[in-house]
Amino acid sequence: MNSNNSENYYDVLIVGAGPCGIFAVFELGLLGLTACLVDALDKKGGQCAELYPEKPIYDIPGYPTVNGGEIVDKLLEQAAPFDPVYYLSERVDELHEDSNGIFTTITDQGRKITSRAIFIAAGAGCFTPRRPKIESLEDYEGKSVFYAVRNRETFKDSNLVIVGGGDSALDWALDLVDYCNKLTLIHRSDKFRAAPHSVSSMQKLVKQGKMDCFVGNITALHGENGVLNGVTASTKTGDIPLPDINKLLLFFGLNIELGKLADWGIELHDGKLIKVNTEDFATSRRGIFAIGDINHYPGKLKLILSGFHEAALAAQSAFKIARPDEKLIFRYTTSSTDLQKKLGVK
């Protein structure tokens, strides 16, 4: 696997096992480069797996509609022939570079990984849900209170309150309204930050009596042992008890930060994103590339399909770094029998 004597050597270390990171494995593999991925989450797929595994996505080429979990499964299948190694529930902290340009990274678990190049595909960075200040909230998390929909079955036949006014709150309200026994949407304002079509669709359902919606905030939870049996909401006219509520879905956004990546000596944009060029999406530090939502350049679109394009070009330059004495020959998977052999195509 390696020409370096280090046991944990890979041509490329990929920080982040989301869609762009996984697709980078495929592009690197076509060029004969080995890769490992490190992700702080306990699962592969990044935000698609963590935040919206069952949320439909409509702008992936070739898929009129596909949910986050499905696209992750397909990407993992596509990358599998190249035997990537995944280190999950680990965070890359330290970065060292020797005089030959070889990188050694150390994770928070003490794992040392040596590589010729690094792809930062960490999405929006390290993210945690923003929690409202509600007494005993943590006691209910994971049982009755949730910040994402990982499994729709969790909310089947429930009396559900969704709190939020953005796309995620509206999208899931529309998706789950026929899945729940009763659904109530609460937002602190009558001005929503979601797509106009979603807002109008929600308002239509309210008029039809299929769901409730009002302006307010959740101020208290009622129940025991992590199981809700009601909540209290505050409104302009006073507190309103909502009995029999047994599920609460909160969308207050995410706290996002670069974490230790900010200490890697890479030029940043607004302190939150990594500046790259548009030739190969290299950062200001040789051998380190950034792809996906975490990078910034003029005209950047935060779309998964943009990250796929970035991964393909970054892989070409990574080859030149990892294999300086070899000539890069561009080949198409549709016509190269060698590449088809690597992919296991019969």
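This text goes with the structure placed above it.
Okay, so let's go over this structure.

What counts and what doesn't
Residues numbered from 1 in each chain as written. Predicted model: local features only at pLDDT ≥ 70, side-chain atom pairs only at ≥ 80, totals over all residues. Heavy atoms only, no water. Buried < 20%, exposed > 50% of the residue type's maximum accessible area, 1.4 Å probe, protein only. Helix = DSSP H or I, 4+ residues; strand = E, 2+ residues; numbered from the N terminus. Pairing = 2+ DSSP bridges. Polar contact = N/O pair within 3.5 Å; in protein donor to acceptor, adjacent residues only side chain to side chain. Contact = heavy atoms within 4.5 Å. Axes fitted to C-alpha atoms, helices over the stretch in contact; angles between N-to-C directions. Patch = residues over 30% accessible without salt bridge, like charges linked within 9 Å, V, L, I, M, F, W, Y side chains within 5 Å. Areas by Shrake-Rupley, 256 points an atom, 1.4 Å probe, with all protein chains shown as cover. Salt bridge = Lys/Arg side-chain N within 4 Å of Asp/Glu carboxyl O.

Quick word on the pairing of strand S7 (residues 103-107)
With four of five residues buried, S7 lies mostly within the body of the structure. When strand S6 (residues 92-97) meets S7, the two strands line up antiparallel, connected through five bridges. Residue pairing for S7: Val-92 is matched across the bridge by Thr-107. Adjacent in sequence and paired antiparallel, S6 and S7 are bridged by five residues, among which Gly-101 carries a positive phi angle near 80°. Note: S7 against strand S8 (residues 112-120), four bridges, orientation antiparallel. Residue Thr-105 lies in a different strand from S8, and its bridge partner there is Ile-113. From the end of S7 to the start of S8, which pair antiparallel, there are four residues, and Gly-110 there has a positive phi angle of about 85°.

Quick word on the side chain of Asn-8
The residue Asn-8 is located in the segment before strand S1 (9-15) in this model. Since its relative accessible area comes to 16%, Asn-8 is described here as buried. Polar side-chain contacts of Asn-8 include one of 3.2 Å to the side chain of Tyr-87. Apart from residues no more than four positions distant in its own chain, Asn-8 is found in contact with Tyr-87, Arg-111, Lys-112, Ile-113 and Thr-114.

Details of the sheet that holds strand S16 (residues 238-243)
Working definition: the strands of a sheet are paired by backbone hydrogen bonds and lie parallel or antiparallel to each other. An order of S14-S15-S16 is seen for the three strands of this open sheet, with the pairing classed as antiparallel. Of all strands in the sheet, those bounded by a partner on one side alone are strand S14 (217-224) and S16. Across the sheet, the mean angle from the axis of one strand to that of its neighbour is 20°, orientation sign disregarded. In the sheet, strand S15 (residues 227-235) pairs with S16 via six bridges, with the strands oriented antiparallel. Across the sheet, Gly-230 pairs through a bridge with Pro-243, a residue of S16.

Focus on the pairing of strand S13 (residues 212-215)
As paired elements, strand S12 (residues 182-187) and S13 share four bridges and run parallel to each other. Bridging across to S13, Leu-185 finds its partner in Cys-213.

Re a nonpolar patch on the surface
On the surface, a cluster of nonpolar side chains totalling about 230 Å² of accessible area is made up of Leu-301, Leu-303 and Leu-305. As for its placement among the helices and strands, Leu-301 is situated in the loop between strand S22 (295-296) and helix H7 (304-322).

Honestly, it's all geometry; don't read function into it.
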